[in-house]
Amino acid sequence: MHNPCRVNMISTNFFGAGAIELLRGEIMKKGFRKALVITDSFLFESKVADQICTELAGAGVHSFIYYGVKPNPTVEIVNEALSVAADIKPDFIVALGGGSAIDTCKAVGIVLANGGRVEDYEGVNKSSEKSLPVVAVNTTAGTGSEVTTFYVITDEKRHSKMVMVDTNCSVWIAINDTNLMKSMPQSLTAATGMDAMTHAIEAVLSNEATPFTDKDALWAITAIKEHLPRAVKNGDDMNSREMMAYAQYSAGLAFSNAGLGMVHAMAHSLGGFYNLPHGVCNAVLLPHVMEFNARDEKTHYDFKKIYGALDLKGASYSSRAAVAQTINEIKKLSHEVGIPASLSDLGVREEDFRALAELALQDTCMPSNPVKPTIDQIIDVYRKAWKKR
Ligand SMILES: [Fe+2]
């Protein structure tokens, strides 16, 4: 039996090649006139932002662009975007990019509607008013931020990531246009795809999972296993790009309602400390945290679901063998898409393990992990993920 739960979904989503063109009609219905587009310098310089502004102009909208977003967006970046917004007073904001742009936009939308500072909203449901309307134009296939009630901002003073879980931050319209994902480089396709795999696996193992979240997470696991290696190998494989767009969305919907776990808690510490790519941190940690969680046999029922979603077969089913095979399959997938083997390859320092573990223990994602770790157990998992294989 499951506890009573709330299910959050966003109402308007556009999918597929050319889906951006569906935005015009929605904006015209609202009568919006002014937009702030929040993006990064790559999408600005490669004229993708101009393409979005042309779409918006077709709906009678005058756009301004802020292109200072960087990976692991900081409080400083949010404040910079807020000061641009204060000058132009937009009717709505458009996030153009992956999780970093969308999370920055969510933070801006919440602070514009509620006042105060972004730091005030760390934790669960800290705002009282709905965000200014946000259109999330997703250009990567992994974070699922366009569908979740989560956003993450780095507090550069504390070297830590603030996780905000807030139903008021849900976007107004999410767009997954695969034409905008075509130019994603191999390494970004791999890292964001493994982020989505981590979302799906943590959602299944979460102690807040329900049959509703399982159906999305398990389908995502099946689709990512099949299509991520193809999308990494050949970025022009538009069928796999499209399947990855749907899969990462499904994984996002699952974790937005089931929560995440110890992989994300530990990855957030690494990201805040060393400014490392989120998806890569998750991918390196994932098999080690799965091993830790599997020590508690109560997780084996959920491991069996993941084993099935990965289409694994054994001569005769035993839960221990299935767990080992499942973890091995995740390691194989990471290796196939070119993820580094260990945290030491990423420049993580052994002497930081305790400070990292202290932050991970306090992370908003930790309570939904199926097994509650001690600080020494978290350090032990960092050490296993750090050692060269
Ligand atoms: Fe993630």
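Basis of the calculations
- Residues numbered from 1 in each chain as written.
- Predicted model: local features only at pLDDT ≥ 70, side-chain atom pairs only at ≥ 80, totals over all residues.
- Heavy atoms only, no water.
- Donors = N, O, S within 2.8 Å, 3.2 Å for Na, K, Ca; no water.
- Tetrahedral: all angles 85-135°; square planar, octahedral: opposite > 155°, others 65-115°.
- Helix = DSSP H or I, 4+ residues; strand = E, 2+ residues; numbered from the N terminus.
- Buried < 20%, exposed > 50% of the residue type's maximum accessible area, 1.4 Å probe, protein only.
- Pairing = 2+ DSSP bridges.
- Axes fitted to C-alpha atoms, helices over the stretch in contact; angles between N-to-C directions.
- Parallel < 35°, antiparallel > 145°, perpendicular 65-115°, else oblique.
- Left-handed = near helix turned anticlockwise from the far one by under 90°.
- Contact = heavy atoms within 4.5 Å.
- Disulfide = S-S within 2.5 Å.
- Domains from an automatic or database assignment.
- Buried area = accessible area lost by both parts, 1.4 Å probe.
- Polar contact = N/O pair within 3.5 Å; in protein donor to acceptor, adjacent residues only side chain to side chain.
- Core = buried A, V, L, I, M, F, W, Y, C linked by side-chain atoms within 4.5 Å.

1. A few points about the coordination of the iron ion
Ideal values differ by geometry: the angle at a metal is 109.5 degrees with four tetrahedral donors, but 90 or 180 degrees with six octahedral donors.
Right, on to step 1. Looking at the iron ion, one finds its protein donor set to be Asp195 (OD), His199 (NE2), His264 (NE2) and His278 (NE2), positioned 2.2 Å from the metal centre.
Right, on to step 2. In this structure, the iron ion is surrounded by four donor atoms whose angles at the metal cover 83 to 170°, and the resulting shape is irregular.
Right, on to step 3. Taken in chain order, the donor set of the iron ion reads D-x3-H-x64-H-x13-H. Note that Asp195 and His199 are positioned in helix H6 (residues 186–205) at a spacing of four residues, about one turn of the helix.
Right, on to step 4. Classification of His199 as buried rests on a relative accessible area of 2%.

2. Comments concerning the sheet that holds strand S8 (residues 160–165)
Strands belonging to one sheet form pairs held by backbone hydrogen bonds; the direction of such a pair is parallel or antiparallel.
Right, on to step 1. Strand order in the open sheet formed by three strands is S5-S8-S7, with mixed pairing between adjacent strands. At either end of the open sheet lies a strand with only one pairing partner, and these are strand S5 (123–124) and strand S7 (150–155).
Right, on to step 2. Pairing of S7 with S8, which is carried by six bridges, proceeds in the antiparallel orientation. Of the residues in S8, the one forming a bridge with Asp155 is Ser160.

3. A word on the packing of H6 against helix H10 (residues 278–294)
Right, on to step 1. At a minimum axis distance of 7 Å, the contact between H6 and H10 shows a crossing angle of 40°. Classed by the angle they form, the pair H6 and H10 counts as oblique. When you trace H6 past H10, the crossing you get is left-handed. Facing Ala191, Met194, Asp195, Thr198, His199 and Ile201 of H6, the residues of H10 in contact are His278, Gly279, Val280, Asn282, Ala283, Leu286 and Met290.

4. Topic: the state of the cysteines
Right, on to step 1. The final tally for this structure, using the stated rule, is zero disulfides.
Right, on to step 2. Looking at Cys105, it has no disulfide partner, and the nearest cysteine sulfur is the one in Cys169, 11 Å off.
Right, on to step 3. Assessed through its relative accessible area of 0%, Cys105 is described here as buried.
Right, on to step 4. Taking the relative accessible area as the measure of exposure, Cys169 reaches 0% and is therefore buried.

5. A short note on the domain arrangement of the protein
Right, on to step 1. Per the domain assignment, the segments making up the protein are domain 1 (12–180) and domain 2 (186–386).
Right, on to step 2. Its C-alpha centre places domain 1 at a distance of 26 Å from the equivalent point of domain 2.
Right, on to step 3. Taken together, the contact between domain 1 and domain 2 spans 28 residues of the former and 31 residues of the latter.
Right, on to step 4. Area buried by domain 1 at its contact with domain 2 is led by Phe15, Ala141 and Thr178, which between them contribute 23% of it.
Right, on to step 5. Between the two partners, domain 1 and domain 2, sit 11 residue pairs in polar contact (both at pLDDT 80 or more).
Right, on to step 6. Going through the elements one at a time, strand S1 (12–15), S5, S7 and S8 are the ones with two or more residues in the side of domain 1 that touches domain 2.
Right, on to step 7. Per element, the largest residue contribution to the side of domain 1 that touches domain 2 is four residues, and it comes from S8.

6. Focus: the nonpolar core
Right, on to step 1. In this structure, Ile221 and Tyr382 are the most contacted members of the largest nonpolar core, which totals 80 residues.
Right, on to step 2. Per-domain counts for this core show at least three residues from each of domain 1 (12–180) and domain 2 (186–386).
Right, on to step 3. Non-local contacts of Ile221, meaning those with residues more than four positions away in its chain, are made with Met197, Ala200, Ile201, Val204, Ile306, Ala309 and Leu310.
Right, on to step 4. Of all hydrophobic cores here, the second largest spans 35 residues; its members include Ile10, Cys105, Val171 and Ala174.

7. Considerations on the pairing of S8
Right, on to step 1. Of all six residues making up S8, six are buried, and the element is well covered by its neighbours.
Right, on to step 2. Of the two faces of S8, the one carrying Ser160, Met162 and Met164 and the one carrying Lys161, Val163 and Val165 are both buried.
Right, on to step 3. Taking the residues that link successive antiparallel strands as the turn, the S7-S8 hairpin has four residues, and the phi of His159 there is positive, at about 50°.

8. Some details on the side chain of Ser250
Right, on to step 1. Along the chain, Ser250 falls in helix H8 (residues 238–258).
Right, on to step 2. Not counting the four nearest positions on each side in its chain, Ser250 is found in contact with Asp216, Trp219 and Ala220.

9. Describing the environment of Ala49
Right, on to step 1. Note that Ala49 resides in helix H3 (residues 48–58).
Right, on to step 2. Judged by its relative accessible area of 0%, Ala49 falls in the buried class.
Right, on to step 3. Between the C-alpha atoms of Ala49 and Phe292, which are 243 residues apart in sequence, the distance is 43 Å.
Right, on to step 4. For Ala49, the residues in contact, after removing those within four places along its chain, are Thr39, Leu43, Phe44, Ile65 and Leu96.

10. Things to note about unusual backbone geometry
Right, on to step 1. Despite not being glycine, Asn72 shows a phi value in the positive range, around 50°.
Right, on to step 2. Inspection of the secondary structure puts Asn72 in the loop between strand S3 (62–69) and helix H4 (75–88).

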